[in-house]
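# Per-entry structural report
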Amino acid sequence: MSAPGPLPVSVLLRYGVGQLGYSMMGLAVYVHLPKFYTDVALLSPALVGLVVLIARVWDAVTDPVMGYVSDRTRTRLGRRRPYLVASSIPAGLCFALLWSPPPEFQGEALFFYFLAAYMGLFLCWTIGAIPYYSFGAELSPDYYERTRLVGVREMFSVSGIILGTLGVPLALHLFDDTRQAYAAMGAAVGAAGAATILVPALFLREPRIPEGVHVLPPWTGLVTTLRNPAFRVLLVTYFFTSVAGAVPGPLIPYISEYVVKTPHLLPAYILVYLLMGILTLPLWVRISRRIGKKKAWSFALLIAVFVTSGLFFLGPGRSTLFFFLLAVGGVSLGGSLAFPASMQADVIDQDELLTGKRREGAYFGLWSLVTKSSAAVTLFVAMQVLHLAGYVPNVEQSPDVVLTMRLLYSFFPASCYAAALLLFQRYPITQEVHAEIRARLAARAA
């Protein structure tokens, strides 16, 4: 079987830029939003965590349904692009509303406002993001070309995260009123995010789906998906890495202000981590060509175990140690950006061989559910723990609260990364196995 040619750079860029919008908004939501609602809007950490948990329970319904609906869709625009178009502007609007709660809203009114805007945003992300990731899995059948595509997409992802990181401090610099600054940031990032999500929908064509390829019924499709042993290993591994990453992101503003006591360096901390991730991402793609995706990601996870363990030793004024650990952690991030989605596309090929169906939406729906639910449950627990430890916004924290923050930020994610590394060793799809899968699919098609 002849190998498919490389994707044109124009295709890589037009597809990848869609991730820019999701990442700009996502960074602000995952990192800055909890602290905005606890320290500016003055909602208790327990209620902030509860909002996130409720929204993720709703995602448990919408994510798999969206994957099934997207797989079944047949329009002149394709299966995926109509949903990108439909969700982009509402997503930007909901994002803007999240950052501009009416000042008179307190307590119960603030809770329900936050809940409505948050659930609206994540529903829009579900409608757009699952078809978007499914679209990417369909653009190339090649084992390594998929890693290249995901690599470009994740470079846009990290670029979006950097822009999202700079948005908050820039707005706070430009506006004297804190609430006005956050509202302006929400409007600007929401508009830019909506515009970039539209790019792949308007300027890319979807690959043609062969005639006779249909979708399994929802429950049958879910059971069949979970019966795939390679996907189970990959999904559980990704679950643990998602849990590991769910606490450090929202906690870094608290760590910067109350543990290291250098809140003015928060943007620099985030940028060092992300820049190392984006700079090393092409290196990880090259490494995977030499030793394979499985060994490469295993090495990245091993680095993450040691780095996150070292974060326990942070303390007042230890910004140099923090920068060093974040830089090394960024190297690990580059590997974790490059490989999971690429491997999932390989698993979908295996699924097609077993079932005769192309079900990208079903896989990415379940993948999205695990990603968001693991992050939400972990953030919910972390916020409850902070609340019980006695966290009080905008004051010097007690030794018990500081110790709680250090433990949540270090040993908890380290143990999750270690579990992911051990479980991942059972992943069975190598380059040789995937080449055999593609050959059998080609023979079937012929």
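Residues numbered from 1 in each chain as written. Predicted model: local features only at pLDDT ≥ 70, side-chain atom pairs only at ≥ 80, totals over all residues. Heavy atoms only, no water.

Take the packing of aromatic side chains next. One pass over the full model with this rule turns up 28 aromatic pairs. A centroid spacing of 5.0 Å and a plane angle of 90 degrees characterise the contact between Phe 36 and Tyr 37, whose relative ring orientation is edge-to-face. Judged by its relative accessible area of 0%, Tyr 37 is buried. Taken together, the ring pairs connect Tyr 30, Phe 36, Tyr 37, Phe 95, Trp 99, Phe 114, Tyr 118, Phe 122, Trp 125 and Tyr 182 into an aromatic cluster. (Phe/Tyr/Trp six-rings, centres within 6.5 Å; stacked < 30°, edge-to-face > 60°. Buried < 20%, exposed > 50% of the residue type's maximum accessible area, 1.4 Å probe, protein only.)

This part covers the layout of surface pockets. Of the pockets and cavities examined, the second largest pocket occupies roughly 330 Å³. In this structure, the second largest pocket is lined by 19 residues; those nearest its centre are Lys 35, Val 168, Leu 172, Tyr 182 and Leu 266. A total of five residues in the lining of the second largest pocket trace back to one element, the largest contributor, which is helix H1 (residues 9-40). (1 Å grid on protein atoms, 1.4 Å probe; cavity = no way out; pocket = protein on both sides within 12 Å on 5 of 7 lines; lining within 4 Å. Points joined across faces, edges and corners; volume = space filled by probe spheres on them. Helix = DSSP H or I, 4+ residues; strand = E, 2+ residues; numbered from the N terminus.)

A word on the pattern of salt bridges. In total, this model carries seven salt bridges according to the counting rule given. In this structure, Arg 80 engages Glu 138 in a salt bridge whose closest nitrogen and oxygen atoms are separated by 2.7 Å. Here Arg 80, found in the loop between helix H2 (45-72) and helix H3 (81-98), pairs with Glu 138, found in helix H4 (residues 107-138); they are 58 residues apart in sequence, far enough to count as distant. By relative accessible area, Glu 138 is classed as buried at 10%. Connected through salt bridges with shared partners, the residues Lys 35, Asp 39 and Glu 257 form a single ionic network. (Salt bridge = Lys/Arg side-chain N within 4 Å of Asp/Glu carboxyl O.)

Relative to the elements of secondary structure, Ser 100 occurs in the loop between H3 and H4. Between the C-alpha atoms of Ser 100 and Ala 184, which are 84 residues apart in sequence, the distance is 8.5 Å. Every residue in contact with Ser 100, bar those within four places of it in the chain, is listed here: Tyr 113 and Ala 183. Among the polar contacts made by the side chain of Ser 100, one reaches the main-chain carbonyl oxygen of Ala 96 at a distance of 3.1 Å. (Contact = heavy atoms within 4.5 Å. Polar contact = N/O pair within 3.5 Å; in protein donor to acceptor, adjacent residues only side chain to side chain.)

Glancing now at the nonpolar core. Counting 128 residues, the largest nonpolar core has Tyr 37, Leu 98, Tyr 118 and Phe 322 as the members making the most contacts within it. The contacts of Tyr 37, once residues within four sequence positions are left out, are Leu 42, Leu 43, Val 48, Leu 98, Pro 101, Leu 110, Tyr 113 and Phe 114. (Core = buried A, V, L, I, M, F, W, Y, C linked by side-chain atoms within 4.5 Å.)

For Asp 39, the position within the fold is in helix H1. Other than its neighbours up to four places away in sequence, Asp 39 contacts Tyr 258, Tyr 391, Pro 393 and Asn 394.

Let us look at the packing of helix H15 (residues 399-409) against helix H16 (residues 411-424). Where H15 contacts H16, the two axes come as close as 3 Å, and the packing angle between them is 15 degrees. As judged from the angle between their axes, H15 and H16 are roughly parallel. Contacts from Leu 407, Leu 408 and Tyr 409 in H15 reach Phe 411, Phe 412 and Pro 413 in H16. Tallied by class, the residues present in the contact of H15 with H16 amount to six nonpolar, no polar and no charged. (Axes fitted to C-alpha atoms, helices over the stretch in contact; angles between N-to-C directions. Parallel < 35°, antiparallel > 145°, perpendicular 65-115°, else oblique. Nonpolar A, V, L, I, M, F, W, Y, C, P; charged D, E, K, R; others polar.)

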